[in-house]
Amino acid sequence: MLSNLDPIVLARAQFAFTMSFHIVFPAFSIGLASYLAVLEALWLWTGREVFLNLFHYWLKIFAIAFGMGVVSGIVMSYQFGTNWSVFADKTGPVIGPLMAYEVLTAFFLEAGFLGVMLFGLERVGPRLHFVATLMVAIGTLISAFWILSANSWMQTPAGYAINPDGQFVVADWFKVIFNPSFPYRLVHMVLAAYLTTSLVVGAVGAYHLLRDPHLAGPRVMFSMAMWMAALIAPIQILAGDQHGLNTLEHQPAKVMAMEGHYQSHKDGAPLILFGLPDQEAGRVDYAIEIPKLSSLILKHSLDAPLAGLDTVPRENWPPVAITFWSFRIMVALGFLIFALGLFSLWTRWRGTLFDSRPLHIFALTMGPAGFIAVLAGWITTETGRQPFTVYGLLRTADAVSPLAAPAVGSSLLAFVVVYFIVFAAGAIYILRLMAASPHHGEEGPRGDMPARAAGITPASGVAGQGAPS
Amino acid sequence: MIAAVDLATVWAFIIAFAVFVYVVMDGFDLGLGMLFPLFPAKADRDVMMNSVAPVWDGNETWLVLGGGGLMAAFPLAYAVLMPALYTPMIAMLIGLVFRGVAFEFRWRTTAARNRWDIAFAGGSLLATLAQGVALGAILQGVHVEGRHYAGGWWDWLTPFSLLTGVALVIGYSLLGATWLILKTEGALREKAYRLSWGLLFAMLAAIALVSIATPFLNIQYAQRWFAWPNVALAAPVPIAVAAVTALLIRSLGQKQDSRPFFLALALFALSYAGLGISMYPFIVPQSITIWQAAAPQNSQIFMLVGVAGLVPLILGYTGWAYWVFRGKVRAGSGYH
């Protein structure tokens, strides 16, 4: 059965599947690591126990999410060789060093200090422990820097030459690393990670406030999360708009697919809100449109002409339907998050932040919205790049390993089975931790095996003058 | 041109170093996982797991550096070897997935703890076996045409690659057992001593078998070891193996604490040097040399700057993390 399938389709399915699972963990752990560093800093600064309890509470969840991110990330790092060996050969001299720098500057930093962060509070003392937490948080951001540089280079390649072996080689490292779309992509992704985390933290806080609005821990985390959502969501919408303009400049076909513009418009393109893209016929059926709005958004002028896919050779068309829909899902969720932020500001102003059931229910249902938006955004940008892996230069079909379909198919099947077992279990353990509210004297990881050094009073026992949580 | 030659050699040593550090660091915690079935008591397993929980993540990062560094410094070798080793690589990754999450998951459930213990042990075994088989498959050579792997997806499976797979399982288990001697006390440590004896002799047998089989793989390996003057350069390796073995037997007999682990590592280092002697200067044996596979100079130089500056720093804070969690691990009370 497997041998009838196209190995390229299977390799793409495998990459998409393993990557979709992987991307949610970094998105969560980038934000959560920073949140943990803030919580620990607040604890050191104010001495209030509630911050330490929250720190330990989220540390356990972080440990599980980080572990799953690590193992799914190791898979990603070998996929380039196993399934995309021609890509690895051709782009190795450019992409390889960027990823090697990610390992050297980020992965080692995170992994090296993670053990101390998870188990070392009593061993090294609060201040040195805070340094470890900070190193882990910085590590996640450095990691985002390098991997987005590599991904952006594949989207908007710059600073390269091509040698006689057909390999991309570097002419200018600065242009490679800071390629045209990199700053936009980095900002957009890091903000997305912070938003994703704030929505999860906010949902957990809301869940416990719905049951008891007086719990100190949930009040603090809910308030912090709602500040974050209210501040970051509008910035993210602006950043997304700028990123879109950058994409229009460097990857116009992707924007055409996102907007559903099969046809060119000479005097002002409409914004297609919804519709069913028909790739064969090259048109969007049942379209609901707002005249001229697309031109206004993309060119900041109502009557600006906008080119459509009819100006692009058909073999270079991205799959419009997927790009079109995933983009709408991301944008819609972005505005819902913005609405949540506004709602929280309104209740805060009225003094009902901790008592508004509608707000708490809204926040609770928005818990997974960040993950979905990140996935939808990633699908938009990666599908919109097709049919190329290196935009305009290396076709996906020419990048794949010389493997037969059964090999790729059976490994895909193995990953599907393993990932569903492992990540379903992880999700259950995380949800179980979230279902308990943070309590007075919250323990860090390994709650059933207290890591107490003999004769040393645990730090959590010293600094307990804050409100009980 | 001379600069290019030197750079490729430098990078061959860097990749070899990263892979060796990986073997040193992750070998014992994989070995510890494989010894899990022999320690059925929960308290013992808690201690075993806790002896590596704070450091395993850093250990495994060296594997990512080895793979990522290979892609960056020798992209052609990476592109040829990974499809050739497709099945063992996927198996290794799946083993590492199960094993890695077990570190967190087994503490989050009582009902399913046994299942995650099995995942930890099974994942460790699968990953180790796959690494050993991959090593054997590289040594026996792969079919290359142009810039591509041109063999089938079962070519890696031979009696020789199975032998190297089993040899690595034995070797990592020995590292795991001697690590337990270092990090535990009481009955657990006594059992680790007993296991170390058996594993040491099994490892010597495995080294002997692989050493005998390797020269038969192709004439180049045989000449590398037995033709004059190579034999003079290569001979110290087996002699040193004998000397280290004698020291290891003595330290086990005297029930020393830390020496068995480091001597077992020395055995690994010597076996690894033996592999280097066999392979150099090929990176894909008999097909691609390190110079043919090398990335352009400016890529190798760009990374060399990072490696030279950062690896000492990494070794520094990794050492600090080990220092923080130094000493014996005791049951029920975490670290002391």
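Up top you'll find the structure we're talking about.
A brief structural summary. Note that the structure is predicted; figures quoted are calculated from it, not measured.

1. Quick notes on the overall build of chain A
On a plain count of helices and strands, chain A comes out with 15 helices and six strands. A compact globule built from 469 residues would reach a C-alpha radius of gyration of about 23 Å, and chain A, at 24 Å, matches this within 12%. For chain A, the spread of C-alpha atoms along the three principal axes comes to 70 × 50 × 45 Å. When each of the 469 residues of chain A is scored for burial, the buried share is 61%. In chain A, of all internal contacts separated by at least 6 residues, the share reaching a separation of at least 24 is 78%.

2. What to know about the overall build of chain B
Each helix and strand counted, chain B has 14 helices and four strands in total. Here chain B has a C-alpha radius of gyration of 20 Å; the compact-globule value for 336 residues is 20 Å, and the two agree. When the backbone C-alpha atoms are referred to their principal axes, chain B occupies close to 60 × 40 × 40 Å. Burial analysis of chain B (336 residues in total) assigns 59% to the buried set. Considering only contacts within chain B whose residues lie at least 6 apart along the sequence, 78% involve residues at least 24 apart. Approximately 12,500 Å² of chain B is accessible, and the part contributed by carbon and sulfur atoms is 73%. Looking at chain B, you have 19 positive and 14 negative side-chain charges, and the mean spots of the two groups are 9 Å apart.

3. Digging into the nonpolar core
In terms of nonpolar packing, the biggest core is built from 253 residues, with W58 of chain A together with W62 and F74 of chain B touching the most fellow members. If one sorts the elements of this core by residue count, helix α2 (residues 49–82) of chain A sits on top with 22 residues. In this structure, W58 of chain A is in contact with F28, L32, Y35, L36, L39, V200, V201, V204, M221 and M434 of chain A, ignoring residues within four places of it in sequence. Among the nonpolar cores identified, the runner-up in size contains 13 residues, and M256, Y262, I272 and F324 of chain A belong to it.

4. Topic: the interface of chain A and chain B
Between chain A and chain B, the residue contacts involve 79 residues of the former and 70 residues of the latter. Summing both sides of the interface, chain A and chain B together bury roughly 6,700 Å²; the carbon and sulfur share of this comes to 73%. Across the contact surface, chain A and chain B share two salt bridges. Across the pair D89 of chain A and R147 of chain B runs a salt bridge whose closest N-O atoms are separated by 2.9 Å. Taken together, the connections running from chain A to chain B amount to 16 residue pairs in polar contact (both at pLDDT 80 or more). Looking at the side of chain A that touches chain B element by element, the count peaks at 27 residues for helix α3 (residues 85–119) of chain A. Here the side of chain A that touches chain B is composed, by residue class, of 53 nonpolar, 18 polar and eight charged.

5. Brief notes about helix α7 (residues 159–183) of chain B
Along its 25 residues, α7 of chain B runs 36 Å from first to last C-alpha, staying within 8% of the 36 Å computed at 1.5 Å per residue. Taking burial as the measure, the 25 residues of α7 of chain B include 21 buried ones, the bulk of the element.

Scoring rules and cut-offs
Residues numbered from 1 in each chain as written. Chains lettered and ligands numbered in written order. Predicted model: local features only at pLDDT ≥ 70, side-chain atom pairs only at ≥ 80, totals over all residues. Heavy atoms only, no water. Helix = DSSP H or I, 4+ residues; strand = E, 2+ residues; numbered from the N terminus. Rg over C-alpha atoms; globule rule 2.2 N^0.38 Å. Buried < 20%, exposed > 50% of the residue type's maximum accessible area, 1.4 Å probe, protein only. Contact = heavy atoms within 4.5 Å. Areas by Shrake-Rupley, 256 points an atom, 1.4 Å probe, with all protein chains shown as cover. Lys, Arg positive; Asp, Glu negative; His and termini not counted. Charge placed at Lys NZ, Arg CZ, Asp CG, Glu CD. Core = buried A, V, L, I, M, F, W, Y, C linked by side-chain atoms within 4.5 Å. Buried area = accessible area lost by both parts, 1.4 Å probe. Salt bridge = Lys/Arg side-chain N within 4 Å of Asp/Glu carboxyl O. Polar contact = N/O pair within 3.5 Å; in protein donor to acceptor, adjacent residues only side chain to side chain. Nonpolar A, V, L, I, M, F, W, Y, C, P; charged D, E, K, R; others polar. Expected span 1.5 Å × (residues − 1).

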